[in-house]
Amino acid sequence: MNKIFISALMSTSFFSFSAFAASSPQTPIQQQKQVSGFYQHQVGDVQITALLDGTNFMSPSLFKDISPQQVQEILKKYYADQDKGVQTSINAFLVNTGKSLILVDSGAESCFGAHLGSILKNLVASGYKPEQVDTILLTHLHPDHVCGISQKGTANFPNATVYVSNDEAKYWLDPKQAAKLPKDKQANYLSTVEMIKEAIAPYQAKQRFKTFKLGDEIQGFKVINTAGHTPGHYSYELKTKDQSVVFIGDIVHSHTVQFDKPQTAIEYDIDPKKAVQTRLKQFANFAKNGQTIAAPHLPFPGIGHIYSVDGKSYQWIPTHFKD
Ligand SMILES: [Zn+2]
């Protein structure tokens, strides 16, 4: 290469660099919704479609038995943006076993405002139809899990049978329950009951609202008592080939604070002490046995594994994105 050619090359590249530098910076496009509201993941013979309902923001003061300073330190360590509060996802999971199409939890629909309620839209976007869902498994009856089954008195999944534990149904649907609660909890309880009743009504009308007890199995899913967050909270385990996936429900609400310090309860827990015991027991089991975890309140898609170095604190290992 001769000198003239090199200098010509350099001046050309210099020219194009200055042309680039001189042009005005591109204005970023205002971010709308992210494209992906569903994510498909295969475990053994089973296809899991994680569905995003939306993003919620929690106050750091909701964490119990931990100082605000400790909460701040953990959030900082995880680079958890706190501008609007502690970010948490609301996810549900559509499970195709080849024989059955099962929805585990269903999101908040319109119970908590327009920032949530995208399960149905994302289910359709993933290629499935709501009529194809034959079974709905609810981990518990909090509105961010049950409201998505219907809309203004109409079932969103007209061919599905809804299952929840006997204990959970009793706690929310027994008219005598409110009087048993402390006075300051009653109003909140009753407004939750109203949302639950409205959501389940179209299924009850068709005898498609059913309860289960420990030891039962539904469409191949084993039920696991994980009470504490609510009195009848259950998780669901599905075995496929030599693998296992557990739909844990609300045994955890934060991939930061409650993994670092799993003994930290959250304000939403009805029995905080029991909720912590349940988390400690289940996390130890998952870290030891390596089940795939699907969680409604871990960052979307909420699928991954739980790892621990010392059996005291844990780490969330999210699934690796595959296109
Ligand atoms: Zn929840």
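Scroll up to find the structure.
The structure displayed is predicted, hence computed values, not measured ones.

## Considering the sheet that holds strand β8 (residues 161-165)
- If you walk across this open sheet you meet the 7 strands as β1-β2-β3-β4-β5-β8-β9, and the pairing is mixed. Two strands close off the open sheet at either side, each with one partner strand: β1 (38-43) and β9 (209-212). Going across the sheet, the axis of each strand differs from the next one's by a mean of 25 degrees, ignoring polarity.
- In the sheet, strand β3 (residues 86-96) pairs with strand β4 (residues 101-104) via 4 bridges, with the strands oriented antiparallel. Paired with Val 95 across the strands is Ile 102, a residue of β4.
- This element, helix α5 (residues 166-173), spans β8 and β9 of the sheet and lies at about 85 degrees to β8.

## Some points on the coordination of the zinc ion
- Within the protein, the atoms that donate to the zinc ion are Asp 144 (OD), His 145 (NE2), Asp 250 (OD) and His 297 (NE2), at distances of 2.1 to 2.3 Å.
- When the donor residues of the zinc ion are listed from N- to C-terminus, their spacing reads D-H-x104-D-x46-H. With His 145 in helix α4 (residues 143-146) and Asp 250 in the loop between β13 (243-247) and α8 (257-260), this residue pair connects regions lying 105 residues apart in the sequence.
- We classify Asp 250 as buried; its relative accessible area is 3%.

## A closer look at the sheet that holds strand β12 (residues 234-240)
- In space, the 7 strands of this open sheet follow the order β10-β11-β12-β13-β14-β15-β16, with mixed pairing throughout. Two strands lie at the open edges of the sheet, namely β10 (217-218) and β16 (315-318), each paired on one side alone.
- Helix-sheet contacts for helix α9 (residues 272-289) involve β11 (221-225), β13, β14 (292-294) and β15 (303-307), and the interaxial angle to β15 is about 95 degrees.

## Observations regarding helix α2 (residues 68-77)
- For α2, the set of buried residues is Val 71, Ile 74 and Leu 75. Across the axial projection of α2, the buried residues extend over an arc of 100 degrees, all falling on one side. Seen from the buried face of α2, the exposed residues on the opposite side, beyond 90 degrees, are Gln 69, Lys 76 and Lys 77.
- Tucked into the core, α2 has its buried residues touching β3 and α8.
- Tyr 79, located one to two residues past α2, shows a positive phi value of around 50 degrees.

## Description of helix α7 (residues 183-204)
- Its 22 residues place the ends of α7 30 Å apart at the C-alpha level, agreeing with the 32 Å of an ideal helix rising 1.5 Å per residue.
- The largest bend in α7 comes to about 30 degrees, at Glu 198, with the proline Pro 202 one to four residues further on.

## With respect to the pairing of β12
- With 6 of 7 residues buried, β12 lies mostly within the body of the structure.
- Two strands pair when backbone bridges link them, and β11 and β12 are joined in this way by 5 bridges, in the antiparallel orientation. Counterpart to Asn 225 in the pairing with β12 is Tyr 234.
- In terms of strand pairing, β12 meets β13 through 5 bridges, oriented antiparallel. Across the sheet, the residue bridging to Leu 238 is Val 245, located in β13.
- A loop of 2 residues connects β12 with β13, the two strands running antiparallel in sequence, and Lys 241 in this loop sits at a positive phi of about 55 degrees.

## Comments concerning the environment of Lys 239
- In this structure, Lys 239 sits in strand β12.
- Distance from Lys 239 to Lys 288, taken between C-alpha atoms, is 17 Å for residues 49 residues apart in sequence.

Calculation notes
Residues numbered from 1 in each chain as written. Predicted model: local features only at pLDDT ≥ 70, side-chain atom pairs only at ≥ 80, totals over all residues. Heavy atoms only, no water. Pairing = 2+ DSSP bridges. Helix = DSSP H or I, 4+ residues; strand = E, 2+ residues; numbered from the N terminus. Axes fitted to C-alpha atoms, helices over the stretch in contact; angles between N-to-C directions. Contact = heavy atoms within 4.5 Å. Donors = N, O, S within 2.8 Å, 3.2 Å for Na, K, Ca; no water. Buried < 20%, exposed > 50% of the residue type's maximum accessible area, 1.4 Å probe, protein only. Arc of directions from axis to C-beta. Expected span 1.5 Å × (residues − 1). Bend = angle between axes of the 7 residues up to and from the residue.

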